[in-house]
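Summary of structural features
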Amino acid sequence: MQLSLAAAELLLAEHAPPHEAWPHHCRQVAKVAGVIGQALLAAKHPLDVDLLITQALVHDIGRAKTHGPLHGWTGFVMMRARGYEAAGRGCLTHWLKGRSRAEVAAAAPWSSSVTKSAFDALEPVPWQLLDSVLSYADSSVQHTTIVPIAQRHFDLYTRYGESSWLRRAAELGELHGAEISAALGFSVETLLTPLFGNSADGHSLRT
Ligand SMILES: [Fe+2]
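The structure reproduced in this document is the subject of the present report. (Residues numbered from 1 in each chain as written. Predicted model: local features only at pLDDT ≥ 70, side-chain atom pairs only at ≥ 80, totals over all residues.)

1. Things to note about the nonpolar core
- Formed by 44 residues in total, the largest nonpolar core has its most connected members in Ala33, Ile36, Ala56, Val58, Val133 and Ala137.
- If you list the elements that add at least two residues to this core, you get α1 (5-15), α2 (22-42), α3 (49-58), α4 (71-81), α5 (85-96), α8 (129-139) and α11 (188-192).
- Once residues lying within four places of it in the same chain are set aside, the contact partners of Val133 are Ala33, Ile36, Gly37, Leu52 and Ile180. (Core = buried A, V, L, I, M, F, W, Y, C linked by C-beta atoms within 7 Å. Buried ≥ 20, exposed ≤ 12 C-beta atoms within 10 Å, placed from the backbone. Helix = DSSP H or I, 4+ residues; strand = E, 2+ residues; numbered from the N terminus. Contact = placed C-beta atoms within 7 Å.)

2. Let's talk about the environment of His24
- In this fold, His24 is placed in helix α2.
- With 22 C-beta atoms packed within 10 Å, His24 lands in the buried category.
- Distance from His24 to Leu57, taken between C-alpha atoms, is 9.2 Å for residues 33 residues apart in sequence.

3. A closer look at α1
- Within α1, burial applies to Ala8, Leu11 and Leu12. Angularly, the buried residues of α1 cover 100° about the axis, an arc narrow enough to put them on a single face. The exposed set on the far side of α1, more than 90 degrees from its buried face, consists of Ala6, Ala13 and Glu14.
- Tucked into the core, α1 has its buried residues touching α2, α3 and α5. (Arc of directions from axis to C-beta.)

4. What about the packing of helix α9 (residues 149-160) against helix α10 (residues 164-184)?
- Relative to each other, α9 and α10 sit at 175°, their axes nearing to 10 Å. The orientation of α9 with respect to α10, classified from their angle, is roughly antiparallel. Along its contact with α9, which presents Ile149, His153, Leu156, Tyr157 and Tyr160, the element α10 presents Leu166, Ala169, Ala170, Gly173 and Gly177.
- Each residue belonging to the contact of α9 with α10 can be placed in one class, and the counts come to 7 nonpolar, 3 polar and no charged. (Axes fitted to C-alpha atoms, helices over the stretch in contact; angles between N-to-C directions. Parallel < 35°, antiparallel > 145°, perpendicular 65-115°, else oblique. Nonpolar A, V, L, I, M, F, W, Y, C, P; charged D, E, K, R; others polar.)

So, in structure tokens, the structure goes:
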């Protein structure tokens, strides 16, 4: 079932506690994803920008239930239960960041059954440019402020300590950026520069 943009915004608002900033983070990620998506369309790359923005709006909806490492899986399960599997794909892609099944099985701090379920849900659709855009957009929003991804990853190292998991996330973010830049024909960071420092209303949440 397809989730419209308006319905995604309502779903987000419905699950958004007034005291938390993660819904604002989601809206900022949607803003970045929309800018990149429109630029890719202008560069003649066919992309479902509405689906991309919808995924961005709900990518962290699992945080309504947990801020733990399984928030991506939790969000996908919430979306799938409502019949919105395609919109919920972003809950998986921003969380797994394009890591392989074997890589996650070897390194993830959760059970092998969750890894199996997550990849069984993800893999029938091959990783695509839209997934890279969503993941990159998420890496471009630190709390509720749009920043260069290097800054976002530095912030994550500062908060959680450097780890192979986070270093791999940074590496994949760079790869996705290169993929998007190649598709655009110019640097995606240049495209986003006018947005750097743009902040949504909200408190600083660890997202
Ligand atoms: Fe996020």
